[in-house]
Amino acid sequence: MNTAEQPDDQSSLAILRRVFGYESFRHQQREIIERTLSGGDSVVLMPTGGGKSLCYQIPAIIRPGVGVIISPLIALMQDQVDTLVEYGVRAAYINSTLSFEEQARVQAKIRAQELDLLYIAPERLASEEFFAFLCSVNVALFAIDEAHCVSQWGHDFRPDYLKLDCLKEHFSGVPRMALTATADEPTRKDIFERLNLQDAKLFSTGFDRPNIRYHVQVKSNARQQLLSFIREEHQGDAGIVYCMSRKKVEKMAEWLSKQGLRALPYHAGLDPRMREEHQRTFLQEEGVIVVATIAFGMGIDKSNVRFVAHLDLPKSLEAYYQETGRAGRDGLPSSAWMVYGLGDVVALRQMLASSGTDQEQKFIEHRKLGSLLGFCETTDCRRHVLLRYFGEDAQGKCGNCDTCLTPVDSWDGSLEAQKALSCIYRTGQRFGVTYLVDVLVGKETERIVQFGHNHLSLFGSGSDRSHAEWTSIFRQLIAFGYITIDLAGYGGLQLAPECKPILQGEQQVHFRHDPHPRKSKQTATSHGASSKEKVNFESSELLKALRAKRMFLAKKQGVPPYVIFHDKTLLQMSQELPSTLEEFSQISGVGESKLAKYGDIFLELLNEHRSKA
Ligand code: ADP
Ligand code: ZN
C-alpha cells in the first residue's frame, strides 16, 4: 500500500479504514467499488470469504440514497444488519418478521435519507406496493447477493430471482451488481442474461482458498476417523459435518455428543423451531458442531467455522467447493475433510445410471461425477485438481493438502486390472465386489463352491494381495468408469466398453496406494508451519479471556460473537498487546465505532494481563 496516500474523508479508502478498520483493499475490491461509484453495473465472482460485502457496502455509504441488497435468506438478514450496525453503519432490513409498524418506520427512515443500506428478499420486490415505494425514493445501488440463485443449473434455484430482470428498466442510472461465489460457465451465462446485466463488467478474482487444507481419506471406520480428526486437529472448534440422509444426521449427532462433543443435528425434517434454535446456537456460541444434510449452510456467514467434514460424497465438485467454502471465511487456517469408500462410489454410479433419460443431462452428470471421483482418487495436489476444474491454471504443489503433505504413490496395476476385469467376465457379470475379491484371493466360500467358481483358472490368482488391496483396485476401476453397475439385476458389476483396451493389453492403468489413515494423519500434524499458525483458543490464558469477554458482550447485545470482533482481530490483539487507544485502533477490524464502544473494555483486560505477566 502507498502510505503517502492521504484519502479525503469520503473516499472509499477513508471509509475502509475509518468505518471497517482495515488498512487496504483486497483483490479487486477497489476497482469494483469505483465502477459502482461511477454508475456502472458489475458481476462479481469471488470465493467465499473473499470480501464481497464491502464491494456494495462502501459505495452504498458514499452514494446518495439507500443501497438495496437483495439476499435470499431472511433468517440471516438480522445478523447482516447487526454486523453493520456494530460498525456504525446505518443499515436495516424489511422482511416478513417485522410488524407493519416496524416496516413503516424503516420506510420513513429511507424517505428521510437516514439509511445507507436496506436488506430485502427477492419476493419483496414482487409486491407492487413496495416496488412503488422504492420507485419514489432515491436508490444508491442494487446488489443481488448469491446471484447464482437465478440459474436452474445449480441446486439453489429461486424463481423470485427471475423477476429481478425488471430493475434495469425501472431504475435507469442506478448501478446494479450481482455477486456470487459459485459460477461455472453456464451459471455465469445465466446471471448475465437473466438479470439483464449485458453491460456489466465481470470481476473474477480466482477461486483459491489458500487457508483451507483439503484432506480426503479412504473410509475404514468413518465415525472413528471423524472423531480422531476432530480431536487431533479441531478440538473445541466450530464445524459442520455433512451426511447424506436425515437418519444418519441424527445418529451421528447423537454419537458425537456421547463422545463429549457439542453436536447438534440439522435437516429439513426437523421441527422448524428446533432447526432454527440449532442454527442460532451454532452462530452465537463457540465450538458448536452442526451435523447436517445439505439443507444447512446457504448464506451461513459465521466467519470462524474451522472445519467442514463430509461423511458422504457430495453431488459434484461444485457442491463440494461450495460446502467446504463455508470453512475459514476469516482467512485463518481451516480444514475441508472427507472420507469416501467403495460403497459411495457404487452408490453414486448407481444413482447416475438410474437418473432420467435425457441424454444431454445424463452426459453432463456423467462428466460431473467423473470429475468428483477423479478428485477423490487423485495422486496430484488436490487444490490444483479443484482449481483446474474451475478453469484456473494451477501447477506445482500447494503444500496445504493431504497429497502434498503426504505424497501418495501410484503404481502400474495393468495386470491387476486385467485380472479384476476378467474375474467379472468369467463369473458372468452378476456379482458384487466382495464375491469377486474372494474369488481372486482364493477363498472357498459356500457360494463360490456352489457356483463352481473355485474351478476357474483365475481362482486364487490374486492371493499375493490382501482383500483390502483388491477392494481398492475395484473401487478405482469403478471410479474411472471401467466398470458399471447392473441396475436391472442385483447390482452386480459389469464391464464398460472403455475397458476393452485394458483387457487387450493396449492400455496401462495406474492405481493410487491408499495411505494408511493413521500414518497420513501423523505426517500432517507434524507438518510444522501450517499447524503452528493454527488458532487454538484453548492454548493461551489471554486468548481465553479475550474470547470470554467477547462472548459476554455478545450475549448482552444478543448478537453472535464474531459480530463484535472476528477471531483474527482477537488473535492480533493477543500478539500485539496494544496499550493505548491509538495502538488499539491499529488492529485490523477495529473501526471508529468499535474503538469507541470496546476500546477501553479490551484495553483494561490487556493491561490486567500485562501486570500479571
Ligand atoms: P464474502 O461475502 O465474499 O464471503 P465477506 O464480505 O463476508 O466475504 O468478507 C470476509 C471477511 O473478510 C470479513 O470478515 C470481512 O470483514 C473481511 N474483509 C473484507 N475485505 C477486507 C479487507 N480489505 N481487509 C481486511 N479484511 C477484509
Ligand atoms: Zn496440494
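Residues numbered from 1 in each chain as written. Chains lettered and ligands numbered in written order. Predicted model: local features only at pLDDT ≥ 70, side-chain atom pairs only at ≥ 80, totals over all residues. Heavy atoms only, no water.

J.: Explain the site of ligand 1 to me, using residue names and the numbers behind them.
T.: Tyr 22, Gly 49, Lys 52, Ser 53 and Arg 329 are the nearest of the 15 residues found near ligand 1. At a separation of 3.1 Å, an oxygen atom of ligand 1 approaches a polar backbone atom of Gly 51. Here Ser 53 contributes a side-chain N or O atom positioned 2.6 Å from an oxygen atom of ligand 1. Considering ligand 1 on its own, with 560 Å² of exposed area, one finds that the protein chains cover 85% of that surface. Given that more than half its atoms are within 2 Å of the pocket grid, ligand 1 belongs to the largest pocket. (Near = heavy atom within 4 Å. Polar contact = N/O pair within 3.5 Å; in protein donor to acceptor, adjacent residues only side chain to side chain. Areas by Shrake-Rupley, 256 points an atom, 1.4 Å probe, with all protein chains shown as cover. 1 Å grid on protein atoms, 1.4 Å probe; cavity = no way out; pocket = protein on both sides within 12 Å on 5 of 7 lines; lining within 4 Å. Sits in = over half its atoms within 2 Å of the grid points.)

J.: Account for the packing of aromatic side chains, with residues named and values stated.
T.: Considering all chains together, one arrives at 23 aromatic pairs under this definition. When the ring of Phe 480 is compared with that of Tyr 482, the centres are 6.2 Å apart and the planes differ by 80 degrees; the resulting orientation is edge-to-face. Taken together, the ring pairs connect Phe 207, Tyr 321, Tyr 389 and Phe 390 into an aromatic cluster. The side chain of Lys 302 reaches across the aromatic face of Phe 282, ending 5.3 Å from its centre. Between Lys 594 and the ring centre of Tyr 87, over which it is positioned, the NZ or CZ distance is 3.9 Å. (Phe/Tyr/Trp six-rings, centres within 6.5 Å; stacked < 30°, edge-to-face > 60°. Lys NZ or Arg CZ within 6 Å of the ring centre and 35° of its normal.)

J.: Break down the sheet that holds strand β12 (residues 305-310) for me, citing the residues and quoting the values.
T.: With parallel pairing, six strands are arranged side by side in an open sheet as β8-β13-β12-β9-β11-β10. Only two strands of the sheet have a single partner each, and these edge strands are β8 (212-218) and β10 (263-266). Strand-to-strand twist across the sheet, computed as the mean angle between neighbouring axes with direction ignored, equals 15 degrees. Of the pairings in the sheet, the one linking β10 to strand β11 (residues 289-292) comprises four bridges and is parallel in character. Paired with Tyr 266 across the strands is Ala 292, a residue of β11. Helix-sheet contacts for helix α10 (residues 222-233) involve β8, β9 (238-242), β11, β12 and β13 (334-340), and the interaxial angle to β13 is about 165 degrees. The sheet strands contacting helix α12 (residues 272-284) are β9, β10, β11 and β12, and the helix crosses β10 at an angle near 135 degrees. (Pairing = 2+ DSSP bridges. Helix = DSSP H or I, 4+ residues; strand = E, 2+ residues; numbered from the N terminus. Axes fitted to C-alpha atoms, helices over the stretch in contact; angles between N-to-C directions. Contact = heavy atoms within 4.5 Å.)

J.: Go over the sheet that holds strand β6 (residues 176-180) with me, naming the residues and quoting the values.
T.: In spatial order, the strands read β3-β4-β2-β5-β6-β1-β7; together these seven strands make up an open sheet with parallel pairing. The open sheet is flanked by β3 (91-93) and β7 (201-204), the only strands paired with a single partner. The sheet shows a mean angle of 20 degrees between the axes of neighbouring strands, direction not considered.

J.: Before we move on, could you go through the coordination of the zinc ion (ligand 2) and cite the residues and values that matter?
T.: Within the first shell, the zinc ion (ligand 2) binds the protein through Cys 381 (SG), Cys 398 (SG), Cys 401 (SG) and Cys 404 (SG), at distances of 2.3 to 2.4 Å. Taken in sequence order, the residues that donate to the zinc ion (ligand 2) follow the motif C-x16-C-x2-C-x2-C. Of this pair, Cys 381 sits in the loop between α15 (359-377) and α16 (382-389) while Cys 401 sits in the loop between α16 and α17 (402-405), placing them 20 residues apart in sequence. Since its relative accessible area comes to 0%, Cys 401 is described here as buried. (Donors = N, O, S within 2.8 Å, 3.2 Å for Na, K, Ca; no water. Buried < 20%, exposed > 50% of the residue type's maximum accessible area, 1.4 Å probe, protein only.)

J.: So what about helix α7 (residues 128-135)? Which residues, and what values?
T.: Of the residues making up α7, those classed as buried are Phe 130, Phe 131, Phe 133 and Leu 134. Taken end-on, α7 shows its buried residues confined to a sector of 155 degrees, consistent with a single buried face. Residues Glu 128 and Glu 129 are exposed on α7 and point more than 90 degrees away from its buried face. (Arc of directions from axis to C-beta.)

J.: Help me get a handle on the packing of helix α14 (residues 342-354) against helix α21 (residues 467-479), residues and values and all.
T.: Between α14 and α21, the least distance of the axes is 9 Å, while the angle of their chain directions is 25 degrees. The angle between the axes of α14 and α21 places the two elements in the roughly parallel class. α21 is crossed by α14, and the crossing has left-handed handedness. Residues Leu 342, Val 345, Val 346 and Arg 349 of α14 form the contact with α21, whose own contacting residues are Thr 471, Phe 474, Arg 475, Ile 478 and Ala 479. (Parallel < 35°, antiparallel > 145°, perpendicular 65-115°, else oblique. Left-handed = near helix turned anticlockwise from the far one by under 90°.)

J.: Explain the layout of surface pockets to me, using residue names and the numbers behind them.
T.: Rolling a probe over the atoms, with the probe sized like a water molecule, indicates the empty space that remains. In this structure, the largest pocket occupies an estimated 1200 Å³ of space. Lining the largest pocket we find 50 residues, and of these Gly 49, Gly 51, Ser 53, Arg 329 and His 566 sit closest to its centre. Counting only elements with at least two residues in the lining of the largest pocket, the list comes to α3 (52-62), α4 (77-86), β6 and α27 (567-576). At five residues, the largest contribution of residues to the lining of the largest pocket is made by α3. For the lining of the largest pocket, the per-class residue count stands at 16 nonpolar, 24 polar and ten charged. (Points joined across faces, edges and corners; volume = space filled by probe spheres on them. Nonpolar A, V, L, I, M, F, W, Y, C, P; charged D, E, K, R; others polar.)

J.: So what's going on with the environment of Ile 144? Which residues, and what values?
T.: Among the structural elements, Ile 144 can be located in strand β5 (residues 139-144). With 189 residues separating them along the chain, Ile 144 and Pro 333 place their C-alpha atoms 29 Å apart. Look past the residues within four positions of Ile 144 in its chain and what remains in contact with it is Ile 70, Tyr 161, Leu 164, Leu 167, Met 177, Ala 178, Leu 179 and Leu 195.

J.: Explain helix α25 (residues 541-557) to me, using residue names and the numbers behind them.
T.: Since the α-helix turns once every 3.6 residues, residues separated by three or four places project in the same direction. Here α25 spans 25 Å end to end across 17 residues, near enough to the 24 Å set by a 1.5 Å rise per residue. When we look at burial in α25, the residues that qualify are Leu 542, Leu 543, Leu 546, Arg 547, Arg 550, Met 551, Leu 553 and Ala 554. Here α25 starts with a cap whose side-chain oxygen sits 3.3 Å from the backbone nitrogen of Leu 542, and that cap is Ser 540. Positive backbone phi, approximately 65 degrees, marks Gly 558, located one or two places after α25. (Expected span 1.5 Å × (residues − 1).)

These values are about where atoms sit, not about what they do.
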